[in-house]
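Residue-level structural notes
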Amino acid sequence: MGVSDLADYPWDAVAPFAERARAHPDGIVDLSIGSPVDPTPPVVAQALAAATDAHAYPQTMGTADLRGAIVDWYARRRGVTGLTPDQVLPTVGSKELVALLPLLLDLGPGDVVVHPRAAYPTYEVGARLVGATPVASDDPADWPEATKLVWLNSPGNPDGRVLDAAALRDAVVRARRLGAVVASDECYAELGWDAPWDVEPIPSVLDGRVTDGDLSGILSVYSLSKQSNLAGYRAAFLAGDRVLVDRLLTGRKHLGLMLPAPVQRAMTAALADDAHVSRQKELYRARRDVLKPALESAGFRIDSSEAGLYLWVTEGRDTWESMARLAEVGILAGPGVFYGAHHPQHVRVSLTATDERIRAAASRLRGI
Ligand SMILES: Cc1ncc(COP(=O)(O)O)c(C=O)c1O
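Our subject in this report is the structure included herewith.

Rules used throughout
- Residues numbered from 1 in each chain as written.
- Predicted model: local features only at pLDDT ≥ 70, side-chain atom pairs only at ≥ 80, totals over all residues.
- Heavy atoms only, no water.
- Salt bridge = Lys/Arg side-chain N within 4 Å of Asp/Glu carboxyl O.
- Helix = DSSP H or I, 4+ residues; strand = E, 2+ residues; numbered from the N terminus.
- Buried < 20%, exposed > 50% of the residue type's maximum accessible area, 1.4 Å probe, protein only.
- Pairing = 2+ DSSP bridges.
- Right-handed = clockwise from strand over helix to strand, strands pointing away.
- 1 Å grid on protein atoms, 1.4 Å probe; cavity = no way out; pocket = protein on both sides within 12 Å on 5 of 7 lines; lining within 4 Å.
- Points joined across faces, edges and corners; volume = space filled by probe spheres on them.
- Nonpolar A, V, L, I, M, F, W, Y, C, P; charged D, E, K, R; others polar.

**Observations concerning the pattern of salt bridges**
For side chains bearing opposite charge, pairing can occur when the charged atoms are close. Summed over the entire model, instances satisfying the criterion amount to 26 salt bridges. Arg-78 is the salt-bridge partner of Glu-186, the closest N and O atoms lying 3.1 Å from each other. Taken as a pair, Glu-186 in the loop between strand E6 (181-185) and helix H7 (208-211) and Arg-78 in helix H3 (residues 64-78) lie far apart in primary sequence, 108 residues in all. Taken as a pair, Glu-186 and Arg-78 share a single burial class, namely buried. A salt bridge links Arg-169 to Asp-212; its shortest N-O distance comes to 2.9 Å. Taken together, the residues span a long stretch of sequence, with Arg-169 in helix H6 (residues 165-178) and Asp-212 in the loop between H7 and strand E7 (218-223) at a distance of 43 residues. What makes Asp-212 exposed here is its relative accessible area of 59%.

Shown next, in the form of structure tokens:
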């Protein structure tokens with residue numbers, strides 16, 4: 001299998017619904033993708049602007065400042081202490097890493113890549129790219145003997161489900177028994193809403209309660225796209241097992257997967273500043289507080305969604321019927337079927353729209 005064998009980009013199927021929604025007299029409310037709408041924080045933009053002289057090649061491993069900032073961030077924000085700079089690595093956004101990890105780990109035909117049942121589609125893309133077999137499963141007991149890589153995603157996209165430390169530990173124990181690498185995609189970890197995640201930090205897979213201090217075979221994957229409105233910068237990173245990180249570094253050097261130097265400087269500034277992350281979280285909280293009751297009043301049930309940037313909802317109808325019903329009132333959602341075959345009656349509603357558009361969505365929903 002090669003890149004050209006991948007299916008057509010599935011979002012093309014949404015185009016007719018987008019067209020219908022755009023015809024609304026007050027315009028479309030696009031809640032279909034999780035692309036940030038608020039400005040990049042000035043502290044980050046200024047760091048980028050100060051770093052435009054970038055005559056030399058950047059280092060694939062990242063600057064010492066950036067690696068130090070990642071280590072500090074894990075200790076300060078995720079409760080993961082004791083990491084050293086050789087256990088972290090910047091990535092050009094997370095998506096390339098998600099797509100390329102099976103390749104970088106030398107997986108191929110006969111190997112299984114496990115990912116969540118409701119899943120960000122790129123886990124499957126990465127597996128298929130190398131001819132490995134993707135398996136959608138949330139139950140470690142069901143993971144096949146041939147499993148070589150397990151993707152966890154907490155908080156989940158699309159479903160906002162959080163894995164607590166015990167669930168992460170079960171996954172790690174099972175993966176170790178299988179000899180599989182665990183990669184935990186954690187980019188929504190700062191966005192906890194419902195108890196206990198309104199007060200308790202959402203655990204990383206690198207948490208001592210999960211690993212007992214042994215990081216072998218474990219990677220945490222994180223992105224600043226959402227928490228810092230940096231999706232356009234492509235700023236992300238991973239951390240974990242020193243041996244694995246070194247192996248990934250070697251592969252990424254060969255492939256030229258290095259983060260542009262100005263972005264490394266911007267990312268270092270973003271990681272050191274918690275204030276903008278708190279401010280952004282409050283914006284999303286307010287939007288969620290408007291949208292969630294409006295969806296419920298329109299007959300949608302909210303499933304999971306205790307954290308993250310999405311409301312994972314169903315009205316007990318086929319995903320495309322719900323898409324059509326929402327498009328009629330000018331709202332574009334994401335079809336649940338894009339996130340695996342197990343959710344034919346869900347749609348994903350993103351919180352990434354301006355306050356004004358979220359209010360417009362809520363008032364339209366109250367009218368249906
Ligand atoms: C679960 C998950 N992982 C990874 C990504 C990729 O993020 P980025 O490539 O912007 O870092 C996304 C983006 O939506 C996501 O939802």
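**Some points on the pairing of strand E4 (residues 133-136)**
In this sheet, E4 lies alongside strand E3 (residues 112-115) in parallel orientation, the contact comprising 4 bridges. Bridging from a neighbouring strand, Val-114 pairs with Val-135 of E4. A crossover connection joins E3 to the parallel E4 through helix H5 (residues 122-129); in handedness this β-α-β unit is right-handed.

**With respect to the layout of surface pockets**
Its volume calculated, the largest pocket comes out at about 1,200 Å³. Lining the largest pocket we find 46 residues, and of these Tyr-9, Lys-95, Tyr-120, Pro-121 and Thr-122 sit closest to its centre. Secondary-structure elements contributing two or more residues to the lining of the largest pocket are helix H4 (95-104), H5 and E4. Sort the elements by how many residues they give to the lining of the largest pocket and H5 lands first, with 5 residues. Looking at the lining of the largest pocket residue by residue, the class counts come to 26 nonpolar, 11 polar and 9 charged.

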